[in-house]
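Descriptive structure summary
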Amino acid sequence: MSEADTALGYEQARDELIEVVRKLEAGGTSLEDSLALWERGEELAKVCRHWLEGARARLDSALAARERAAEGGTGAAE
């Protein structure tokens, strides 16, 4: 993932990925252009995956903290 890609927000990466897929599905591009689009799509998918994994980790952490608090352990409930 390039430095520019890591600066993309989830929604930006998702929207660009949708556009890449649309172009690939429409066809009519040269092999070279299709390969470039596919490579860009792979990079955008990595960016999206990175954001989603981060969101999942935050949710898991919050749920674990809430569970610990409910059981009388340490950790912030909210």
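What comes next is a walk through the structure. Model, not experiment: these values are computed from the prediction. Per chain, the residues get numbers from 1 upward, laid out in the order the sequence is written. For a predicted model such as this one, the threshold for reporting local features is a pLDDT of at least 70, and the threshold for listing and counting side-chain atom pairs is 80 or more; totals across whole chains, interfaces and linings nevertheless cover every residue. With hydrogens and water set aside, each side-chain value is computed from the structure's full complement of heavy atoms.

Section: helix 3 (residues 31-70)
- An ideal rise of 1.5 Å per residue puts 58 Å on 40 residues; helix 3 measures up with 58 Å between its terminal C-alpha atoms.
- Only protein chains enter the calculation, and the probe is 1.4 Å; a residue is then buried if its accessible area is under 20% of its type maximum, exposed if over 50%, and partly exposed in between. Starting at the N terminus, helices and strands are each numbered in turn, a helix being any DSSP run of H or I of at least four residues and a strand any DSSP run of E of at least two. Along helix 3, the positions that sit buried rather than exposed are Leu37, Gly41, Leu44, Val47, Cys48 and Ala65.
- Following helix 3 by one or two positions, Gly72 has its phi on the positive side, about 85 degrees. The span you would expect from a helix comes to 1.5 Å times its residue count less one.

Notes on the pattern of salt bridges
- Salt bridges are identified by distance alone: a Lys or Arg side-chain nitrogen within 4 Å of an Asp or Glu carboxyl oxygen. All told, the structure shown has five salt bridges when counted by the stated rule.
- In this structure, the salt-bridge partner of Glu19 is Arg22, at a minimum N-O distance of 2.5 Å. Here Glu19 and its partner Arg22 are both found in helix 2 (residues 10-26), three residues apart, which amounts to about one turn of the helix.

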